[in-house]
Amino acid sequence: MQNYKNFNTKDFILDDAFCRWVLQKSETDNQFWNQWLVENSEKSHQVMIAREIILKIQSAQNEITESELNEEIKRFSEKRKQLENTRLTSKPNFTILPWYKWLKYAAILAIAIVGFALLTDHDTMKKLTFSETPYEKRTKMLDIALVEVSNEGSENKTVKLPDGSHVLLSKNSKISYPKPFGVDQRAVYLSGEAFFEVVKNPSKPFVVYANELATRVLGTSFTISSYDKDNEVKVIVKTGKVAVFPLGLEDEVSDKKPEVMLTPNQKVVFNRIDNQMKRSLVEIPEPLNRKPDFERYLVFENSPVTTVFEKLYEVYNIPMVYDTALMENCRITAELGNQPLFQKLDLICKAIDAKYEVIDGQIVIHAKKCN
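Rules of the game
- Residues numbered from 1 in each chain as written.
- Predicted model: local features only at pLDDT ≥ 70, side-chain atom pairs only at ≥ 80, totals over all residues.
- Heavy atoms only, no water.
- Helix = DSSP H or I, 4+ residues; strand = E, 2+ residues; numbered from the N terminus.
- Buried < 20%, exposed > 50% of the residue type's maximum accessible area, 1.4 Å probe, protein only.
- Contact = heavy atoms within 4.5 Å.
- Areas by Shrake-Rupley, 256 points an atom, 1.4 Å probe, with all protein chains shown as cover.
- Pairing = 2+ DSSP bridges.
- Axes fitted to C-alpha atoms, helices over the stretch in contact; angles between N-to-C directions.
- Polar contact = N/O pair within 3.5 Å; in protein donor to acceptor, adjacent residues only side chain to side chain.
- Phe/Tyr/Trp six-rings, centres within 6.5 Å; stacked < 30°, edge-to-face > 60°.
- pLDDT = per-residue confidence, 0-100.
- Disulfide = S-S within 2.5 Å.
- Salt bridge = Lys/Arg side-chain N within 4 Å of Asp/Glu carboxyl O.
- Core = buried A, V, L, I, M, F, W, Y, C linked by side-chain atoms within 4.5 Å.
- Expected span 1.5 Å × (residues − 1).
- Arc of directions from axis to C-beta.

Q: Just checking my understanding: could you explain the overall build of the protein for this structure?
A: If you tally the helices and strands in the protein, you get eleven helices and 18 strands. Of all 371 residues assigned to the protein, the portion counted as buried reaches 42%. Taking all contacts inside the protein whose residues are at least 6 apart in sequence as the whole, residues at least 24 apart take part in 55%. Summed over all atoms, the accessible surface of the protein reaches about 20700 Å², with 48% contributed by carbon and sulfur.

Right under this line is the structure:
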């Protein structure tokens, strides 16, 4: 078994097992690499670059002839020789992968790209491996004029959209939008992170295209984080209901059904490495419905535990799944006004000898029968 902890980008490109995972996605390879990335998250950016290069080579291999490939390799070789005349370098000794016919040429081209980039600078590597981001490609495809707003400062930037909606744009982020919005939808294109407060308009949905995900709402508030270099794209809902769609570059929301619906205190995370989407809860759920007598509202004296769960749902709007019949005799006395939600649940479960877990954006209670 290879010691992948010491691998760099070009090592991953030239590794049989890594290439097999990228190209074939077998269940066994998925399990190994997903677990390895969890344990070695510091390597995730290098894995992303290596994966992108391999996929680009596979995509291009049917479009380039052998003579064109040899000519390209020759060009890189001549450029490298010119660089060697001006500074000392040692010629790397790479092993060409033995499986897949095309990979013989693919490996040579990958070495040329990586080797040339490493001999020049980081910007060259960026241009060769990530020529355009999904944000850039999608906005260029549109045949309408867009207003683009960037935030290159250190503070969040407020942007007012044509419909009166507001966007709090994080640093190193940018959005584009038509002015005025279209007839069928209010489309916004995001690269980076932003918090949206959307004016309600049931006849014209508000859609945010953020790299691999699109988010559609009628009127609500939510955060999207979709930086080009991050491994994950996140959508986090504060108020209202949000529909989330995984998208290809040319897909439109109108052509698809949402894969995930989100409500307040829920989030969805799309992992770019394994192309998986997972719904969960935010780290610290916030009360959405604070009663005027909030402190007393969550004080219980010998109350049925099912009543406690019902009131927590009213406050946090988070679905809670439990067996009502099993817990019909469970009662609790507690003051739950100030603690964060998960601390409240810890106290409740300790009192009735139960456990809870978060599954798909819901809280599932596992309890025993109370006498």
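Q: Mind showing me how you'd approach the sheet that holds strand β15 (residues 320-321) here?
A: Spatial strand order, β15-β18-β17: three strands in an open sheet with mixed pairing. Looking at strand neighbours, the two that pair on one side only are β15 and β17 (355-359), the edges of this open sheet. By the bridge criterion, two bridges tie β15 to strand β18 (residues 362-366) in an arrangement that is parallel. Among the inter-strand pairings, Val321 is bridged to a residue of β18, identified as Val364. Here helix α11 (residues 341-352) sits on the sheet and contacts β15, β17 and β18; the angle it forms with β17, its principal contact strand, is near 145°.

Q: Teacher, can you tell me more about the side chain of Asn265 here?
A: Among the secondary structure elements, Asn265 is positioned in the loop between β11 (260-262) and β12 (266-271). Residue Asn265 is classed as buried on the basis of its relative accessible area of 5%. Among the polar contacts listed, one links the side chain of Asn265 to the backbone oxygen of Tyr316, at a separation of 3.2 Å. Look past the residues within four positions of Asn265 in its chain and what remains in contact with it is Val237, Ser280, Leu281, Val282, Pro285, Glu286, Leu288, Tyr316 and Ile318.

Q: Can you walk me through the packing of aromatic side chains in this structure?
A: Where two aromatic rings form a pair, the distance of their centres and the angle of their planes describe that pair. Enumeration according to the criterion identifies 21 aromatic pairs in this entry. Each ring, one from Tyr189 and one from Tyr209, has its centre 5.3 Å from the other, and the planes form 15°; the classification is stacked. On the criterion of sequence distance, the pair formed by Tyr189 in strand β5 (residues 186-197) and Tyr209 in strand β6 (residues 206-210) is long-range, its members being 20 residues apart. Among the aromatic residues, ring-to-ring pairing joins Tyr4, Phe7, Phe12, Phe18, Trp21, Phe32, Trp33 and Trp36 into one connected group.

Q: What should I look at first to understand the confidence of the model for the protein in this one?
A: When pLDDT is averaged across the protein, the result is 80; 75% of the residues are at 70 or more. Here helix α7 (residues 122-129) is the element of the protein with the lowest mean pLDDT, 44, and strand β3 (residues 166-169) is the one with the highest, 96.

Q: Help me out: how do you make sense of the state of the cysteines in this one?
A: Defined simply, a disulfide is a covalent bond joining two cysteines at their sulfur atoms. Applying the stated rule across the entire model yields one disulfide. Covalently, Cys330 is tied to Cys370 through a disulfide, its sulfur atoms 1.8 Å apart. Note on the Cys330 and Cys370 pair: the S-S dihedral is about 90°, so by sign convention the disulfide is right-handed. One end of the pair, Cys330, is in the loop between β15 and β16 (331-335); the other, Cys370, is in the segment after β18, and 40 residues separate them in sequence.

Q: I keep staring at the pattern of salt bridges and nothing clicks. Help me out?
A: Pairs can form between side chains of opposite charge once their charged atoms are near each other. Counted by the stated rule, this structure contains six salt bridges. When the shortest N-O distance is used, the salt bridge between Asp29 and Arg20 registers 3.0 Å. Given a relative accessible area of 33%, Arg20 falls into the partly exposed group. Salt-bridge contacts for Asp360 lead to Arg279; the nearest nitrogen and oxygen are separated by 2.7 Å. Of this pair, Asp360 sits in the loop between β17 and β18 while Arg279 sits in strand β13 (residues 276-281); the two residues are 81 residues apart in sequence, bridging distant segments of the chain. Given the relative accessible area of 38%, Asp360 is considered partly exposed. For Arg279, a relative accessible area of 21% gives the class partly exposed.

Q: Sorry, what's going on with the nonpolar core here?
A: Burial of nonpolar side chains together is a common tendency in soluble globular proteins. If you look at the biggest cluster of nonpolar residues, it comprises 30 residues, and the most contacted ones within it are Leu161, Ile175, Leu190, Phe196, Phe206 and Val244. Ranked by residue count, the leading element in this core is β5, at four residues. Apart from the residues lying within four places of it in its own chain, the contact partners of Leu190 are Tyr135, Leu169, Lys174, Ile175, Phe196, Val208, Tyr209, Ala210, Asn211 and Ile224. Counting 26 residues, the second largest nonpolar core, distinct from the first, contains Leu298, Ile332, Ile352 and Ala354.

Q: Help me understand the environment of Asn201, please; the structure alone is not making it clear to me.
A: When you line up the elements, Asn201 lands in the loop between β5 and β6. Asn201 sits 15 residues away from Arg186 along the chain, and the two C-alpha atoms are 9.6 Å apart. Within the structure, the side chain of Asn201 is placed 2.8 Å from the side chain of Ser203, a separation counted as a polar contact.

Q: Looking at this structure, I do not really get helix α3 (residues 27-39). What am I missing?
A: Residues spaced three or four apart along an α-helix point in a common direction, a consequence of the helix completing one turn every 3.6 residues. Here α3 contains 13 residues, and its C-alpha end-to-end distance of 18 Å stays within 8% of the 18 Å for a straight helix at 1.5 Å per residue. Every buried residue of α3 is accounted for by Asp29, Asn30, Trp33, Trp36 and Leu37. Buried residues of α3, viewed axially, fall in a sector of 145°; they line one side. Exposed side chains of α3 directed beyond 90 degrees from the buried face belong to Glu27, Thr28, Gln31, Val38 and Glu39.

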